[in-house]
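Examining the three-dimensional arrangement
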Amino acid sequence: MAADPGAAESPPADRDVFPSVLVIGAGTMGAQIAMVVALSGRTVCVTDIAADALDRARAELDSRMRARVDKGRLTQEQLDDAFARLTTTTDLAAAASDVDLVIEAVVERLEAKRALFAELDSLCPTATVFASNSSSFMPSQMADARPDRFINLHFFNPALVMRCVEVIRAPSTAQQTVDAAVAFVRDIGKEPVLLDKEIPGFIANRILNAVRDEAVSLMENGVASVSQIDLACRTALGYPMGPFELMDLTGIDIGYLIKKARFEATGDPADAPARSMSELVAAGHLGRKTGRGWYMYENGEKVGEA
Ligand code: CAA
């Protein structure tokens, strides 16, 4: 996957598609998705049940976007305009009452997502399209409330930088919803990758999971350390970061929950989370966000293998 740090800042060609967006969940993905949408000229509101998550998201976006201004990638005026279009609230009912598109980016638990979409159905206008940023669950597992107006828009981490957004339709999704979603993704400066049929994990994560499983197996079998495996991937395969570095960036718990969900669905032992990943999750070592995962971090910088 190629990174295109400038992509999110391209001026939009057409803001008519979903001019008002609600992002639910102020984690890393939700916050950065919201900023991408705001930079495209749309109004966007981020909601979360926790007010401190909203404060953290704003502070993180502030420092990350300020760095872009310092580097000359964005003018102060463009940034001020984007922040003026981005609001945050814990009041879901108020935020949902007048939006064209909802992008859900909450915890990767199917029941939480299904309950949220059921609630949103009673809060949003009937024309509102619902989208999930789930990394693994298929749209048909979440589309009950709005079968024809439901789609998965799967962004990649870091969402401000990665160009790909996988667009996954359920069998019930209307063509009009698919067309609008594709136009929206293009218009926010991303590259839509359209799947012809749904499958758990979609395209990129399925490929990534195969690489990650092999990397973890090599490590667990004592073949090489995590840093040497990452080094091979960077220097032999041209990956921007190795699989362990990437797990630390995206959160080891995220990969763990994806594998757990797959295992629960298939019962295939090959789909079960690896022992070493389960141990890290149980110990709370989730990657960069906790200062320790496969590597140790200080002030956001990698300082060595854990
Ligand atoms: N958030 C936002 N922006 C970030 C960032 C972050 N966490 N980390 C780096 N960036 C930005 C930097 O600010 C910089 O921007 P400018 O060009 O404007 O200065 C740009 O990205 C490049 O960063 P760096 O020069 O510091 O470092 P780099 O060249 O190594 O790039 C990277 C960093 C973009 C993260 C790159 O290493 C990369 O592409 N890594 C692979 C990421 C990847 O595979 N993501 C997919 C993960 S799977 C997933 O997301 C699916 C899922 O369902 C969980």
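Scroll up to find the structure.
Quick look at the structure, then. (Residues numbered from 1 in each chain as written. Predicted model: local features only at pLDDT ≥ 70, side-chain atom pairs only at ≥ 80, totals over all residues. Heavy atoms only, no water.)

1. Re the site of the ligand
The environment of the ligand is formed by 20 residues, the closest being Lys71, Arg73, His154, Asn157 and Asn205. Contact between the ligand and Asn157: an oxygen atom at 2.8 Å from a main-chain N or O atom of the residue. Taking Asn205, its side chain carries an N or O atom lying 2.9 Å from an oxygen atom of the ligand. Protein contacts shield 75% of the accessible area of the ligand, which totals 1000 Å² for the unbound molecule. Of all elements in the fold, only helix 7 (204-220) and helix 9 (243-250) reach the threshold of two or more residues within the shell around the ligand. The greatest single-element share of the shell around the ligand, amounting to three residues, is contributed by helix 9. (Near = heavy atom within 4 Å. Polar contact = N/O pair within 3.5 Å; in protein donor to acceptor, adjacent residues only side chain to side chain. Areas by Shrake-Rupley, 256 points an atom, 1.4 Å probe, with all protein chains shown as cover. Helix = DSSP H or I, 4+ residues; strand = E, 2+ residues; numbered from the N terminus.)

2. Some thoughts on empty space enclosed by the protein
On inspection of all chains with the given rule, the structure shows one cavity of 30 Å³ or more. Contributing to the lining of the largest cavity are Ala26, Ala31, Val46, Leu54, Ala57, Arg58, Leu61, Leu86 and Thr88. Elements with a minimum of two residues in the lining of the largest cavity: helix 2 (51-70) and strand 3 (86-89). By residue number, the principal contributor to the lining of the largest cavity is helix 2, which donates four residues. (1 Å grid on protein atoms, 1.4 Å probe; cavity = no way out; pocket = protein on both sides within 12 Å on 5 of 7 lines; lining within 4 Å. Points joined across faces, edges and corners; volume = space filled by probe spheres on them.)

3. What about the layout of surface pockets?
Looking at the second largest pocket, its volume works out to about 290 Å³. Every residue lining the second largest pocket is counted, 13 residues in all, and those nearest its centre are Ile24, Gly25, Asp48, Ile49 and Val106. Partitioning the lining of the second largest pocket into residue classes produces nine nonpolar, three polar and one charged. (Nonpolar A, V, L, I, M, F, W, Y, C, P; charged D, E, K, R; others polar.)

4. Regarding the pairing of strand 2 (residues 43-47)
In terms of burial, strand 2 is largely enclosed, as four of its five residues are buried. Relative to strand 2, strand 1 (residues 20-24) runs parallel, the two sharing five bridges. Pairing of Val21 across the sheet is with Val44, part of strand 2. Once you follow strand 1 into helix 1 (residues 28-39) and on to strand 2, the crossover reads as right-handed. (Buried < 20%, exposed > 50% of the residue type's maximum accessible area, 1.4 Å probe, protein only. Pairing = 2+ DSSP bridges. Right-handed = clockwise from strand over helix to strand, strands pointing away.)

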